[in-house]
Amino acid sequence: MTPGKGVSASVAGKRASCGKRDYLKENGISLSSDVQQSLGRLSGEGKASVLVGYDDQCIGLIALSDVLRSETPSVMSELTEMGIETVVLTGDNRHAAEYMTRQLDISRYCTELLPADKVSAISNLQQEGKTICMVGDGVNDAPALKTAAVSVAMGSMGSDIAIETADIALMGDDLSRLPYLKRLSNAVVYSIKFNITLSMIINFIAITLSVLGLLNPVTGALVHNVGSVLVVLNAALLYDRKI
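Residues numbered from 1 in each chain as written. Predicted model: local features only at pLDDT ≥ 70, side-chain atom pairs only at ≥ 80, totals over all residues. Heavy atoms only, no water.

Asks: Looking at this structure, how should I read the packing of aromatic side chains?
Replies: A ring pair, where both rings are aromatic, is described by two values, the distance of the centres and the angle of the planes. Counting across every chain of the model gives one aromatic pair. Ring centres of Tyr190 and Phe194 lie 6.3 Å apart, and the angle between their planes is 20°; this geometry places the pair in the stacked category. Pair noted here: Tyr190 and Phe194 are both in helix α8 (residues 177-211), with a separation of four residues, about one helical turn. Under the relative-accessibility criterion, Tyr190 is labelled exposed at 57%. Under the relative-accessibility criterion, Phe194 is labelled partly exposed at 37%. (Phe/Tyr/Trp six-rings, centres within 6.5 Å; stacked < 30°, edge-to-face > 60°. Helix = DSSP H or I, 4+ residues; strand = E, 2+ residues; numbered from the N terminus. Buried < 20%, exposed > 50% of the residue type's maximum accessible area, 1.4 Å probe, protein only.)

Below is the structure:
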């Protein structure tokens with residue numbers, strides 16, 4: 001297996017290959033004019049093509065087309081309203097990517113990417129000063145998931161390596177959980193900042209009262225514990241919060 005390109009095996013003493021056009025050419029398999037015309041037609045329809053070669057001839061062509069989920073447009077619209085820019089990184093050809101992104105009103109996409117290319121694309125976005133959250137599910141996404149600041153894997157349909165690499169694994173394949181995940185993350189960060197501020201205020205007041213002689217060691221310890229309990233209770237409000 002060559003990641004992002006194709007697979008090959010020995011069948012009946014001859015080499016069988018399955019993958020992209022360039023992969024078959026690298027294995028010495030020539031493409032006839034009919035095959036090239038079919039590739040051009042399928043590409044124009046937004047379909048990804050997988051070629052099958054045996055010995056030195058192309059004997060098959062498999063056309064694949066992504067199906068847009070019903071909830072995806074609303075999810076993309078919600079993420080955009082939250083100020084999040086969506087960038088598509090795909091190994092599919094440009095026509096297939098254009099077909100899908102046009103339906104989702106996504107203007108930025110990178111096509112025909114190998115796993116290493118996805119890593120480079122994320123690094124380039126980070127150099128622009130952007131904080132990247134990578135969402136993926138395949139083996140080819142694992143290096144990019146590792147590179148991003150935050151990574152999310154789709155648990156029910158993701159590969160084992162993608163789930164193991166990602167920071168977050170959604171236990172389903174419902175994309176509508178992504179906006180909720182972002183809102184929950186915002187709530188967690190807000191809660192952390194609030195708790196730190198509350199703790200500092202309580203400590204400052206306690207120190208001031210101690211200097212004035214209004215708090216003795218026992219009451220000071222009680223005030224400290226009360227502050228700790230308030231911080232813990234406030235953090236516990238995040239549990240099962242409806243956001």
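Asks: Can you walk me through helix α5 (residues 115-127) in this structure?
Replies: Residues that lie three or four places apart on an α-helix share one face, since the helix turns once every 3.6 residues. Under the 1.5 Å per step criterion, the end-to-end length of α5 is 19 Å for 13 residues, consistent within 8% with the ideal 18 Å. The complete set of buried residues in α5 reads Pro115, Lys118, Ala121, Ile122 and Leu125. Relative to the axis of α5, the buried residues are bounded by an arc of 115° and lie together on one face. Residues of α5 that are exposed and point more than 90 degrees away from the buried face comprise Ala116 and Gln127. Its buried side turned inward, α5 meets β5 (88-89), β7 (133-136) and α6 (142-147). Looking at the residues trailing α5, positive phi occurs at Gly129, about 90°. (Expected span 1.5 Å × (residues − 1). Arc of directions from axis to C-beta. Contact = heavy atoms within 4.5 Å.)

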